[in-house]
Structure formats: C-alpha cells, structure tokens
Amino acid sequence: MSKQRNILLVYTGGTIGMMKDPKTGALRAFNFDKLLKNIPELNLLDCKISTQSFAKPIDSSDMNTEYYIDLVEIIEQNYDDFDGFVVLSGSDTMAYASSAISFMLENLSKPVIFTGSQLPIGDLRTDAKENLITAIQIAASYINDIPTVPEVALYFEYQLYRANRTTKINAEHFEAFTSLNYPPLATSGVHLKFNKEAIMPYNKKVLIVRKILDTNIAILKLFPGITKTTISSTLNIKNIKGIIIETYGSGNAPTSIWFIELLKKAIKKGIFIINVTQCSGGSVTLGQYDTSMQLKKIGIIDGKDITTESAVGKCMYLLGAKISSKDFKSVFETSLRGEIV
Ligand code: ASP
C-alpha cells in the first residue's frame, strides 16, 4: 500500500476564497475555514491535508515581496513535516510570485504547487474545485518515495506548468495561464499525465531558503516613439540597480546613437540591463539583426527566452544575493531553476 502523504495547503488570498461584499458588490477575501467547508470533496483525497492561512488574506495585487518572504518561511518551517505544498493565491500576480519563489527555494526537492481560480469556490460554475483538488493530487504524487514534481509549479485549468515559465494571458477564460517557451509538466484529463522529461530531476541536497530580494529594479517597455526623456528618467531612477528592458522581437531596439549611448552610460555606471523580448513567446537572439548587435557590444544581459515575470524575480534574487558585477551577467544568463534554455 502506498504511504499517505502530508500536504500543507497555504492560503494567501485571491478569488478562490473570496465572496461578494453585499454592500459594494466587489469581491473580497474572507475566512479560509469557510472556504474549506465548501469543498467536502477534500475528505475523499487519499492524503492528510493541513492548512495555514495568511492572517489577513489579500488580493494578489497587494502581494509584494514581503509576502513572498512570509510564504517561503511557512514552507521552510514545515518543510520536514510535509511531503508537498499547495499555495492558493490570486492569479493576477501568481506568475510573478511563483517565479520569484522558485529562485528563493534553492535545492527544492518537494512539490510546491501554486493554484487559484477565476471564480470563487462558492460560485456554482467555479473552476476552483478542480484546480485545488488536482493541485493537491500533484503535490501528493510520489513514486518509490520520490516526488513526481520536485519543483515550484503552477496548476490551472488542466495544465501544470513550471512556475517560472508562466504568464497570465487571460482575465476571463478559465485557461488563464500559458507557458509558451516550455511544455506543460503535466496534463489532466481522464488521467493525470506527467511529462517526466520536462520535470526537474529530484535532488537530495539540503534546502536553502533565500530571503533577500532587492527591489531596486524597473521594467522599461520600448514602443515606437519612446522619448529620450522617458528612457533617461528610467535609467536615472535613484538607487536603481537593474532594468529589464522589453525589446522588440528577438531582442531588437532602436539603433539611434542617443539610445545606445544612454544605455552604455548606465551599464558603465554599474546598472544591470537585461534584454527580454516583449513577445509572449520566443527568445532574444542578440546579434541576429543589426538592431541588437549594438546592445550586445555594450554588454547588455541576454535574457534569452525568460518571461518578464521571471526576469523580475531573478533580478531581485541575484541583486539580493549580491552577485559581483563581474559575475552578474554570466549568472543571469545561466539557467538556475529551469527558467531559460
Ligand atoms: N484579483 C484576484 C487576485 O489576483 C484575481 C484572482 O484571484 O485570480 O487576487
């Protein structure tokens, strides 16, 4: 007989546990226990479920990096006692949170599965139950005492993705997330099918929890007509240390001398500038066109096929880890948690 697994369900907030405020009609987070009472099906699962909730559940729009630390501390404190973790959170910033947390949990060897829903769990047509039940089953899936998914992943609408490869693509459809540059880790249909080749290999190392994130970063999205003032103001933000620049196509940007000179000056000043494509899928290929050759020459960091969400987490994490200026570029360009090719 297979061993019964212990799963910790952590509720941070989000639609899944929200109810309509009778006065305003707006959705608001409410008591987590009430949420669970709406899901008697949980008793049918072949695992032991314990729960923990943020003292004050929040909409994920308020989920800043301090909450990421709270979350990794909950995982750290309970790591030895549980076989897997399911994090219930709002979907709006879930790709950011789960990406950052993948960097914060070094040598992770247990499943940490994020999920949420587009409709509250109490809604008749809710997508919450399937998302929650399958996320728990994934977190509890072990073969020969080895977890099937020993990494941070995100489950939504029949697909399990590597968290740091995801993007929220739809505010309305149940299929709210995608991972255009990496295949699903599992697909749920009549059977739960794991894509073993895509899943991170199991490791026996000791978990290291990284709790320092440096938020002195910015995202600069290019658009035709962007002014020198806009670019220069961003590059000169007080205390700025890293800038994710969302370029066109395969990493292309204007060739104007003023533009290249501004970036060059910022890089010389010690600001790390990361080139990420503003396309939803595909990769930066520095030097493929003339329009990215200059960027390559001035030492811009190649974001490769990273998502913007993941680049934000990775940048905060590497700045927090105080990686030296000499090594920052090569470390950023290396896959740390499977976030790039
Ligand atoms: N606004 C909600 C949140 O992100 C939406 C959701 O739960 O999916 O917290």
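See the structure above.
Residues numbered from 1 in each chain as written. Predicted model: local features only at pLDDT ≥ 70, side-chain atom pairs only at ≥ 80, totals over all residues. Heavy atoms only, no water.

Q: Tell me about the sheet that holds strand β1 (residues 5-11), and name the residues and values.
A: What the eight strands build is an open sheet, ordered β4-β1-β5-β7-β10-β11-β14-β15; its pairing is mixed. The strands lining the two open edges of the sheet, one partner per strand, are β4 (47-53) and β15 (192-194). Adjacent strand axes in the sheet meet at a mean angle of 20°, parallel and antiparallel pairs treated alike. Bridge analysis of strand β10 (residues 152-156) against strand β11 (residues 159-162) gives four bridges, and the strand direction is antiparallel. Within the sheet, the bridge partner assigned to Phe156 lies in β11 and is Gln159. Against the sheet, helix α2 (residues 65-78) touches β1, β4, β5 (84-88) and β7 (112-115), its axis set at about 160° to β1. (Pairing = 2+ DSSP bridges. Helix = DSSP H or I, 4+ residues; strand = E, 2+ residues; numbered from the N terminus. Axes fitted to C-alpha atoms, helices over the stretch in contact; angles between N-to-C directions. Contact = heavy atoms within 4.5 Å.)

Q: Provide a residue-level description of unusual backbone geometry, including the pertinent values.
A: Unusually for a residue other than glycine, Asn107 sits at a positive phi of about 65°. Residue Asn107 is classed as buried on the basis of its relative accessible area of 18%. With phi around 75°, Tyr158 is a residue other than glycine that occupies positive phi space. Among the secondary structure elements, Tyr158 is positioned in the loop between β10 and β11. (Buried < 20%, exposed > 50% of the residue type's maximum accessible area, 1.4 Å probe, protein only.)

Q: Give a detailed account of the site of the ligand, specifying residues and quantitative values.
A: Taken together, the neighbourhood of the ligand is formed by Gly14, Thr15, Asp59, Ser60, Gly90, Ser91, Asp92 and Ser117. Between an oxygen atom of the ligand and a side-chain N or O atom of Ser60, the distance comes to 2.5 Å. At 2.4 Å from an oxygen atom of the ligand is found a side-chain nitrogen or oxygen belonging to Ser91. By residue class, the composition of the shell around the ligand is no nonpolar, six polar and two charged. (Near = heavy atom within 4 Å. Polar contact = N/O pair within 3.5 Å; in protein donor to acceptor, adjacent residues only side chain to side chain. Nonpolar A, V, L, I, M, F, W, Y, C, P; charged D, E, K, R; others polar.)

Q: Could you give an account of the packing of aromatic side chains, with specific residues and numbers?
A: Each aromatic ring pair is specified by the distance between its two centres and by the angle formed by the two planes. Evaluation of the coordinates by the stated rule reveals eight aromatic pairs. A centroid spacing of 6.2 Å and a plane angle of 55° characterise the contact between Phe82 and Phe85, whose relative ring orientation is tilted. Summarising the aromatic geometry, the rings of Trp258 and Phe259 are spaced 6.1 Å apart at their centres and angled 90° between planes, so their arrangement reads as edge-to-face. On the accessibility criterion, Phe259 (1% relative accessible area) is buried. Sitting over the face of the ring of Tyr142, Arg5 holds its NZ or CZ atom 3.9 Å from the ring centroid. The lysine or arginine in question, Lys110, covers the ring of Tyr79, its NZ or CZ lying 4.9 Å from the ring centre. (Phe/Tyr/Trp six-rings, centres within 6.5 Å; stacked < 30°, edge-to-face > 60°. Lys NZ or Arg CZ within 6 Å of the ring centre and 35° of its normal.)

Q: Give a detailed account of the sheet that holds strand β19 (residues 272-277), specifying residues and quantitative values.
A: Judged by pairing direction, the sheet is parallel, and its four strands sit side by side in the order β17-β18-β19-β20 without closing on themselves. Both outer strands of the open sheet, β17 (217-221) and β20 (301-302), are each paired with one neighbouring strand and no more. Where β17 lies against strand β18 (residues 242-247), five bridges are found, and the strand directions are parallel. Paired with Lys221 across the bridge in β18 is Glu246.

Q: Before we move on, can you summarise the packing of helix α3 (residues 94-104) against helix α8 (residues 308-320) with the specific residues and values?
A: Relative to each other, α3 and α8 sit at 40°, their axes nearing to 8 Å. Between α3 and α8, the crossing angle belongs to the class labelled oblique. Between α3 and α8 the crossing geometry is right-handed. Here α3 contributes Ala95, Tyr96, Ser99, Ala100 and Phe103 to the contact with α8, which in turn contributes Glu309, Ser310, Val312, Gly313, Lys314 and Tyr317. A class-by-class count of the residues in the contact of α3 with α8 yields six nonpolar, three polar and two charged. (Parallel < 35°, antiparallel > 145°, perpendicular 65-115°, else oblique. Left-handed = near helix turned anticlockwise from the far one by under 90°.)

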